[in-house]
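An overview of the molecular structure
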2 protein chains.
Amino acid sequence: MGPGPSDVNPRILEAMSRPTIGHLDPMFVQMMDEMKGLLRYAFQTDYDLAMPVSAPGSAGMETCFVNLVEPGDKVVVCQNGVFGGRMKENVERCGATAVMVEDEWGRAVDVNKVEEALKANPDAKILAFVHAETSTGAMSDAKALAGLARQHDCLTIADTVTSLGGCELKVGEWGLDAVYSGTQKCLSCVPGLSPVTFSERALDVVKNRRHRVQSWFLDLNLVLGYWGSGGKRAYHHTAPVNTLYALHEALVLLQEEGVENAWTRHRNHHEALKAGFEAMGLNFVVPEGERLPQLNAITIPEGVDDAAVRTRLLEEYNLEIGAGLGALAGRVWRVGLMGFACNRTNVLNCLGALDAVLSDMGAKIDAGRAVEAAMACYREQA
Amino acid sequence: MGPGPSDVNPRILEAMSRPTIGHLDPMFVQMMDEMKGLLRYAFQTDYDLAMPVSAPGSAGMETCFVNLVEPGDKVVVCQNGVFGGRMKENVERCGATAVMVEDEWGRAVDVNKVEEALKANPDAKILAFVHAETSTGAMSDAKALAGLARQHDCLTIADTVTSLGGCELKVGEWGLDAVYSGTQKCLSCVPGLSPVTFSERALDVVKNRRHRVQSWFLDLNLVLGYWGSGGKRAYHHTAPVNTLYALHEALVLLQEEGVENAWTRHRNHHEALKAGFEAMGLNFVVPEGERLPQLNAITIPEGVDDAAVRTRLLEEYNLEIGAGLGALAGRVWRVGLMGFACNRTNVLNCLGALDAVLSDMGAKIDAGRAVEAAMACYREQA
């Protein structure tokens, strides 16, 4: 129950361990085509370009930036946690300028400040933001930000690493342009791939660049020779065949459940976990209404040894929760409720274990009430 | 029996399907430390930096170039197949100049021409070459090339994607500086990772760059916060946990066999396959003495339909062999004998199947003799 990788469904582990076949084998190519359709469903879009980058989410982020940003460009970057800072690094390494819109860690991106920044920078080409900030648990209004970007004739780059499959995400309806995600969060697949989708207008920008993309490995003009539409599958790099089996199975599972049902499931278990945390007297970092159901950041009670608690949870309860990152290091815990791991057993185990360990270590909490509070919440939902 | 991915040992598939744990879990961190030692053994080096890049071999190549090359640098690049051309692309995308040393496809890199190029370009910073050219089956003299580079005060970047575990490779003794490989060739692991190793002097260059590395994802100054020595494992990106289980198991298998024994095994099965091809009257692309045992490129007999033969082998014999790439497309087949797939069963099945299909399609070969020729070779070896 950390911030990812989440627990992987055994069906996915089984699929991944099937014999490796060639990345140009006709059966594999057929699976690739299916996967593109399944990704469109997960992203809720009809964009033609929907494919997994053959590397983790950070490489998905880099794919969006190196393909869309050219030297001298200006990009408005929203930062309200770790990953907005990583976006800034990407922009600068492309030889472009990042105009930062800073928000407090633990808050959603302030749409009004973004509007001001876009008005003040009419030459901005791209608006980049994190939909679901994994470092804080804050959810930003991707729909409103996408609308603003269109008004100001900007492309959007959106980080949906933690949102895909875990909370409402409608790439097509909202009009997001370049969207990347990860496999190891709410898809509950193994880590190592980054699903991406690009709108037609984003792809036009990629195809009409003045400079070559600085990364050969991530250059979509080349990668699409393998993953693009048009039937021919030309070798670019050797695809991670078995991890792609795993992602295919994860996407089939999401389709079986229904993506809206998955969003509801995350919301429901989050409500129960929240009831338990509140009964214990633990406080959320993010205000109600801006919280991600799948990533629950809570403030570490005063006087409690962060690492000691996490070690005891791991050793005594086989339970991993996440430490704080960046500005929140040592100040918060991050409890993931992602994909396959988002279930009642985990919610109750986490609350019981945390209650027991914190009580035992003398923390000032309302002990012994968390599990019952969560159960009451589940009864209400039923 | 294509040019990779090769067949994966079931032990590796089993290891990969174990439950996913966190990339900062103490047990996982311990596995990372073991893996670094196992990689040093596989590469035959004592360089401190030995780690897998979290993406396929092409990203390992890019890791070497983006970390060592800066804008304005000059790099001597040897090209005798597809992958030297990819190196040129990498150099240019780093804003540097590639001085090309071209050799015929199917031949080893000409050491004399390289020496001339180094003399003519005393300001060259790096010599880059492919040890085992997967597109042609040619093996170049990495030891001699590394020696030349040192004489001319150049760093080396060496592509060992297909050589690692399949033929002699002594990174430390030969003094190679930045070496990348793949997991899906002679390690017989699943595709998706790229083992790399850097000498101290290469790492010094990375640490003392004038410009930031253009890729955030591949910047070793950041990646080594997670993979480097010194105990602390700071989050950079989410490691591909399950694929790393697989690589760990592949490296344990190599250690169990002994790396020299693995080289001998590849050589022996290559000799048998060669005896069979020659009995059939098929010609190797690469002259004897420059051939890789693990990648056997043979000229397609005149009048034979390339794709039709490969389709029949796949459909009737469940056998994949590789098509030609680049300049050799449509002119050659590439038959891999890599790692777990390098065994007597595969050699005999391949010869028998190819003999049958070519005969049936009316090709001018010496039919019905290949399998016996291979068997005779095995008897001699015994």
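Criteria and cut-off values
- All residue numbers refer to position in the chain's written sequence, counted from 1.
- In the order they appear in the text, chains get letters beginning with A and ligands get numbers beginning with 1.
- Two thresholds apply to this predicted model, a pLDDT of at least 70 for residue-level local features and 80 or more for giving and counting side-chain atom pairs, whereas whole-chain, interface and lining totals are computed over all residues.
- The basis for the side-chain values is all heavy atoms of the structure; hydrogens and waters are excluded.
- Nonpolar core, defined: a set of buried Ala, Val, Leu, Ile, Met, Phe, Trp, Tyr and Cys residues in which side-chain atoms within 4.5 Å join the residues together.
- For the exposure calls, accessible area comes from a 1.4 Å probe over protein chains only, and a residue counts as buried if that area is under 20% of its type's maximum, exposed if over 50%, partly exposed in between.
- Any pair of residues with heavy atoms lying within 4.5 Å of one another is described as a contacting pair.
- Here the copies were fitted onto each other by least squares, based on C-alpha atoms from residues at pLDDT of at least 70 in both.
- UniProt positions are given in the numbering used here, feature names are shortened, and annotations may be inferred rather than shown by experiment.
- Under the DSSP-based scheme used, a helix requires at least four consecutive residues in state H or I and a strand at least two consecutive residues in state E, with every element numbered from the N terminus.
- Within 3.5 Å is the distance limit for a polar contact, defined as a pair of N or O atoms, with the added protein rule that one can donate a hydrogen and the other accept it, and that residues adjacent in sequence qualify only through two side-chain atoms.
- The directions considered for the arc run from the helix axis to the C-beta atoms.
- Two strands pair under a simple rule: DSSP has to find at least two bridges between them.
- Buried area: the sum, over both parts, of the accessible surface (1.4 Å probe) that disappears when the two are put together.
- When a carboxyl oxygen of Asp or Glu lies within 4 Å of a side-chain nitrogen of Lys or Arg, that pair is called a salt bridge.
- Under this scheme, a helix contributes an axis fitted over its contacting stretch, all axes are lines through C-alpha atoms, and angles between N-to-C directions fall in the 0 to 180 degree range.

This paragraph deals with the nonpolar core. Core analysis: the largest hydrophobic core is formed by 197 residues, its most contacted members being A:F65, A:F198, B:F65 and B:F198. In this structure B:F198 touches B:Y47, B:L49, B:T63, B:C64, B:L68, B:D177, B:A178, B:V206 and B:L220, once residues within four positions along its chain are discounted.

Okay, the relation of the copies chain B and chain A next. Superposing chain B onto chain A takes a rotation of 180° plus a shift of 0.0 Å along the axis, which leaves an RMSD of 0.0 Å. Both copies of the chain, as the preceding transformation shows, are related through a two-fold rotation axis. Minimal C-alpha distance to the rotation axis in chain B is attained by B:A55, lying at 2.5 Å. Of the residues that chain B buries at the interface, 100% are likewise interface residues in chain A, meaning the two copies contact each other through the same surface.

Let us now look at the UniProt feature "binding site: substrate" (unreviewed entry) in chain A. Residue and element names in this part refer to chain A. Mapped onto this structure's residue numbering, the UniProt feature "binding site: substrate" (unreviewed entry) falls at R334. By secondary structure assignment, the location of R334 is in strand β12 (residues 332-336). At 2.8 Å, the side chain of R334 forms a polar contact with the backbone oxygen of T134.

What follows concerns helix α6 (residues 142-151) of chain A. Residue and element names in this part refer to chain A. Listed in full, the buried residues belonging to α6 are A142, L145, A146, L148 and A149. The buried residues of α6 occupy an angular sector of 160° when projected down its axis, which confines them to one face. If you follow the buried residues of α6, they end up packed against α5 (111-120), β4 (126-130), β7 (155-159) and α7 (171-174). Among the residues trailing α6, D153 stands out with phi positive, at a value near 55°.

Let us now look at the pairing of strand β10 (residues 295-299) of chain A. Residue and element names in this part refer to chain A. For β10, the tally of buried residues reaches four of five residues, placing the bulk of the element in the interior. As defined by bridge partners, β10 adjoins β12 across five bridges and the pair is classed as antiparallel. Each bridged residue has a counterpart across the sheet, and for N296 the counterpart in β12 is V335.

With that settled, the discussion passes to the side chain of B:N296. Residue and element names in this part refer to chain B. Here N296 is to be found in strand β10 (residues 295-299). Overall, N296 belongs to the buried group, its relative accessible area being 0%. Within the structure, the side chain of N296 is placed 3.1 Å from the backbone oxygen of P293, a separation counted as a polar contact. In this view, N296 contacts H270, L273, F277, F284, W333, R334, V335 and L337; residues no more than four positions away in its chain are not counted.

Let us now look at the sheet that holds strand β12 (residues 332-336) of chain B. Strand order in the open sheet formed by three strands is β10-β12-β11 (chain B), and the pairing between neighbours is antiparallel. Of all strands in the sheet, those bounded by a partner on one side alone are β10 and β11 (322-323) of chain B.

The figure often quoted for interface size is the accessible area lost as the parts come together. At the junction of the two partners, chain B supplies 51 residues and chain A supplies 51 residues. Buried surface at the junction of chain B and chain A, both sides included, amounts to about 4000 Å², of which 59% is carbon and sulfur. The three residues of chain B that bury the most area against chain A are B:R93, B:R212 and B:W216, which together make up 18% of that side's buried surface. Where chain B meets chain A, there are six salt bridges. The partner of B:E92 in a salt bridge is A:R212, with the nearest N and O atoms 3.0 Å apart. At the junction of chain B and chain A, the tally comes to 19 residue pairs in polar contact (both at pLDDT 80 or more).

All names here are of chain B. Taken together, the seven strands give an open sheet; going across it, the order is β1-β9-β8-β7-β4-β2-β3, and neighbouring strands pair in mixed fashion. Sheet topology places β1 (49-53) and β3 (97-102) at the edges, where each strand pairs with a single neighbour. Ignoring strand direction, the axes of neighbouring strands in this sheet form an average angle of 15°. In the sheet, strand β2 (residues 74-79) pairs with β3 via six bridges, with the strands oriented parallel.

Further remarks concern the environment of B:A308. As for its position among the elements, B:A308 is in helix α12 (residues 306-317). On the basis of relative accessibility, which here comes to 25%, the residue B:A308 falls in the partly exposed class.

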